[in-house]
Amino acid sequence: SVPIKIKGSKLHGGRIEIDGSLSSQFISALLIACPLLEEDTQLIITGRKIVSIEYIKMTQQVLKSSGVRIRQGSPRLFLIKGCQQFKGLKNFIVPSDYGLAAFFMAAAALIPSDVVLTGSLNNNFIQADGEIYGLLHKMGARFQKTTRAIRIQGPFKLKGGNFSLKNCPDLVPIMTVVALFARGTTRLYDIQHVRSKESDRISDLRTEFLKIGAKIDETTNALIIHPQKNYEQDVLLDPHHDHRLAMAFSILGLKIGAVVQDIECTSKSYPKFVCDLKSLNPQAVSHS
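Quantities reported herein were computed from a predicted structural model and do not represent experimental measurements. (Residues numbered from 1 in each chain as written. Predicted model: local features only at pLDDT ≥ 70, side-chain atom pairs only at ≥ 80, totals over all residues. Heavy atoms only, no water.)

**Student:** It is not clear to me how empty space enclosed by the protein should be interpreted in this structure. Could you clarify?
**Tutor:** Unoccupied space between atoms shows up once a probe the size of one water molecule is rolled over them. In total, this model carries one cavity of 30 Å³ or more according to the counting rule given. By volume, the largest cavity amounts to about 40 Å³. Around the largest cavity, the lining residues are Pro95, Ser96, Tyr98, Ser120, Leu121, Asn122, Asn123, Asn124, Phe125 and Gln127. Grouping the constituent residues of the lining of the largest cavity by class yields four nonpolar, six polar and no charged. (1 Å grid on protein atoms, 1.4 Å probe; cavity = no way out; pocket = protein on both sides within 12 Å on 5 of 7 lines; lining within 4 Å. Points joined across faces, edges and corners; volume = space filled by probe spheres on them. Nonpolar A, V, L, I, M, F, W, Y, C, P; charged D, E, K, R; others polar.)

**Student:** In this structure, what is going on with the nonpolar core? I would like to understand it.
**Tutor:** Across soluble globular proteins, you tend to see nonpolar side chains buried next to one another. Met105, Leu165, Met175, Leu180, Phe209 and Ile212 are the most contacted members of the largest nonpolar core, which has 69 residues in total. Broken down by element, this core gets its largest block of residues, twelve residues, from helix α3 (residues 98-110). Counting 13 residues, the second-largest nonpolar core is a separate cluster that includes Ile18, Ile27, Cys34 and Phe78. (Core = buried A, V, L, I, M, F, W, Y, C linked by side-chain atoms within 4.5 Å. Buried < 20%, exposed > 50% of the residue type's maximum accessible area, 1.4 Å probe, protein only. Helix = DSSP H or I, 4+ residues; strand = E, 2+ residues; numbered from the N terminus.)

**Student:** Sorry, what's going on with the pattern of salt bridges here?
**Tutor:** When the charged atoms of two side chains lie near each other, side chains of opposite charge can form a pair. Under the criterion given, the structure shown has twelve salt bridges. With a shortest N-O distance of 3.0 Å, glutamate 38 and lysine 10 are connected by a salt bridge. With a gap of 28 residues between them, glutamate 38 in the loop between α1 (25-33) and β2 (41-46) and lysine 10 in the segment before β1 (14-19) connect regions that are remote in the sequence. Residue lysine 10 is classed as partly exposed on the basis of its relative accessible area of 48%. Here arginine 195 and aspartate 200 are joined by a salt bridge, their closest N and O atoms 3.0 Å apart. Residue classification places arginine 195 among the partly exposed residues on the basis of a relative accessible area of 25%. Each of Asp170, Glu198, Arg201, Asp242, Arg244 and Lys268 takes part in salt bridges that share partners, so that together they form one network. (Salt bridge = Lys/Arg side-chain N within 4 Å of Asp/Glu carboxyl O.)

**Student:** Would you mind going over the layout of surface pockets with me for this structure?
**Tutor:** What the largest pocket holds in volume is close to 740 Å³. Along its surface, the largest pocket is lined by 32 residues, and Gln25, Tyr55, Met58, Asp170 and Arg244 are the ones closest to its centre. The set of elements that each furnish at least two residues to the lining of the largest pocket consists of α1, α2 (53-65) and α7 (243-256). For the lining of the largest pocket, the element with the most residues is α2, which contributes five residues. Grouping the amino acids of the lining of the largest pocket by side-chain chemistry returns 13 nonpolar, eleven polar and eight charged. Taken as a whole, the second largest pocket holds about 380 Å³ of empty space. Lining the second largest pocket are 16 residues, and of these Ala258, Val259, Val260, Val285 and Ser286 lie nearest its centre. Listing elements by their share of the lining of the second largest pocket, those giving two or more residues are α7, β13 (258-260) and α8 (273-280). Ranked by the residues each element gives to the lining of the second largest pocket, the list is headed by α7, at four residues. Its residues assigned to classes, the lining of the second largest pocket shows ten nonpolar, six polar and no charged.

Right, dumping it as structure tokens:
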């Protein structure tokens, strides 16, 4: 029951097993915590498959830059020495978030646009959501990219395809929006783990897009999007308290018009989302 009360205690290392088929976040948390314990730790990843593996790699990259040593005995075994210390970093440039940039990249690909996204784009650290660049490129979008900016001049004639999003589940909502306007069917698969995010990002996405007249099938681990010539405009869409659904619905709104309730939930990851959305076309966005 809430509130949850946690009584302070001492954490110990040793042999730890954790299922990697649901989320990488638990693994990253242990990789960060275990080096500070007194004992050494053997972290063993179980489960049929390891999802979002690039987030784990990024965690390892950041830890290494902080002076923490983690030896990987195999893809499912991490050997972590105890009693380590984090080394302070004088200059650490936080990479731009491709997972958030993806919404504006998609918007620029769908509507008449000339959009420049600026930031730190040197790819020194692995970002799973950086796959949005390749995914949109395969669908027919074109970009001008440097280490400081991405320029998109849309719209583009997009085509569907089969895309595994196993390692970038946060792209499922915006990729579904893009697929609604592509030529031919799009299948987004290897995504069963997105059912356990802030919402069930398979069933909830399908439920909401059915309201606009979309034709979408779902399986246990996939969404199959069959584009239609016309969609219902200005429909009220419920993001189910999921910030990424709310942002994806907003990009849909730029294309056909939509009303997104509970837009405040975007503050979880992107507090300035509505403000930045308005900067693209102030007349197209109202917020109350």
